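Chain and residue survey
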Amino acid sequence: MDYSEPVRKYFEAPRRAGDLAGKAGFCIAGSAGRESEGLRIWLAARIEAGRVAEACFRAYGCPYTIAVADFSAGGLEGKQLGELGIEPLAVASELGLPDEKLNCALCAEDAINDLKANWKALG
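Residues numbered from 1 in each chain as written. Predicted model: local features only at pLDDT ≥ 70, side-chain atom pairs only at ≥ 80, totals over all residues. Heavy atoms only, no water.

Once that is clear, we can look at the packing of helix H1 (residues 5-12) against helix H2 (residues 63-76). In the contact formed by H1 and H2, the axes pass within 8 Å of each other and the chain directions differ by 80°. Of the possible angle classes, the one that applies to H1 and H2 is roughly perpendicular. On H2, the residues touching Val7, Tyr10 and Phe11 of H1 are Pro63, Tyr64, Ile66, Ala67, Asp70 and Phe71. Tallied by class, the residues present in the contact of H1 with H2 amount to 8 nonpolar, no polar and 1 charged. (Axes fitted to C-alpha atoms, helices over the stretch in contact; angles between N-to-C directions. Helix = DSSP H or I, 4+ residues; strand = E, 2+ residues; numbered from the N terminus. Parallel < 35°, antiparallel > 145°, perpendicular 65-115°, else oblique. Contact = heavy atoms within 4.5 Å. Nonpolar A, V, L, I, M, F, W, Y, C, P; charged D, E, K, R; others polar.)

With that settled, consider the nonpolar core. Membership of the largest hydrophobic core comes to 33 residues, with the highest contact counts inside it found for Leu43, Val52, Leu76, Leu95, Leu97 and Leu115. Mapped onto this core, the elements with two or more residues apiece are H1, strand E1 (26-34), strand E2 (39-48), strand E3 (51-60), H2, helix H3 (88-95) and helix H4 (102-122). It is H4 that provides the largest number of residues to this core, a total of 8 residues. Ignoring anything within four residues of it in the chain, the contact list for Val52 reads Ala45, Arg46, Ile47, Leu76, Glu77, Gly78, Lys79, Leu84 and Trp119. (Core = buried A, V, L, I, M, F, W, Y, C linked by side-chain atoms within 4.5 Å. Buried < 20%, exposed > 50% of the residue type's maximum accessible area, 1.4 Å probe, protein only.)

This part takes up the packing of aromatic side chains. If you walk through the whole model with that rule in mind, you get 2 aromatic pairs. Seen from their ring centres, Tyr3 and Tyr64 are 5.0 Å apart, and the 65° between their planes marks the pair as edge-to-face. Separated by 61 residues along the polypeptide, Tyr3 in the segment before H1 and Tyr64 in helix H2 bring together distant segments of the chain. Looking at Tyr3, the relative accessible area reads 26%, which means it is partly exposed. On the numbers, 6.0 Å between centres and 90° between planes, the contact of Tyr10 with Phe71 is edge-to-face. Within this pair, whereas Tyr10 is found in helix H1, its partner Phe71 is found in helix H2, the two being separated by 61 residues in sequence. Tyr10 gets classed as buried once you look at its relative accessible area, which sits at 10%. Residue Phe71 is classed as partly exposed on the basis of its relative accessible area, which comes to 22%. A cation sits over an aromatic face here: Lys9 above Tyr10, 5.3 Å from the ring centre. The side chain of Arg58 reaches across the aromatic face of Trp42, ending 3.9 Å from its centre. (Phe/Tyr/Trp six-rings, centres within 6.5 Å; stacked < 30°, edge-to-face > 60°. Lys NZ or Arg CZ within 6 Å of the ring centre and 35° of its normal.)

Shown next as structure tokens:
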């Protein structure tokens, strides 16, 4: 398969892969998808002064899933709760996802929504 340059970049050298274990401060997570269905994204954020200071991801799936998860985690940083979110079609366009991989961006949107709900529940 011929991946777009942005997908290749995020997949080959993800910048936010991992978790926030051992980090100081208030951390919150959200996830979506099912490994049994070949797609799962887990996002975590460290909150300082009401903003996402740092975000990371773990993902199960194809290179598109990894790229979308890394891209989405990066988009969380610096934002307040009410600012969190992505537009799946815009993410797909930015990363050059084929139509049949839009589900990766939709899964990331669901993971962000879960993270937001968990943050609200603790707020």
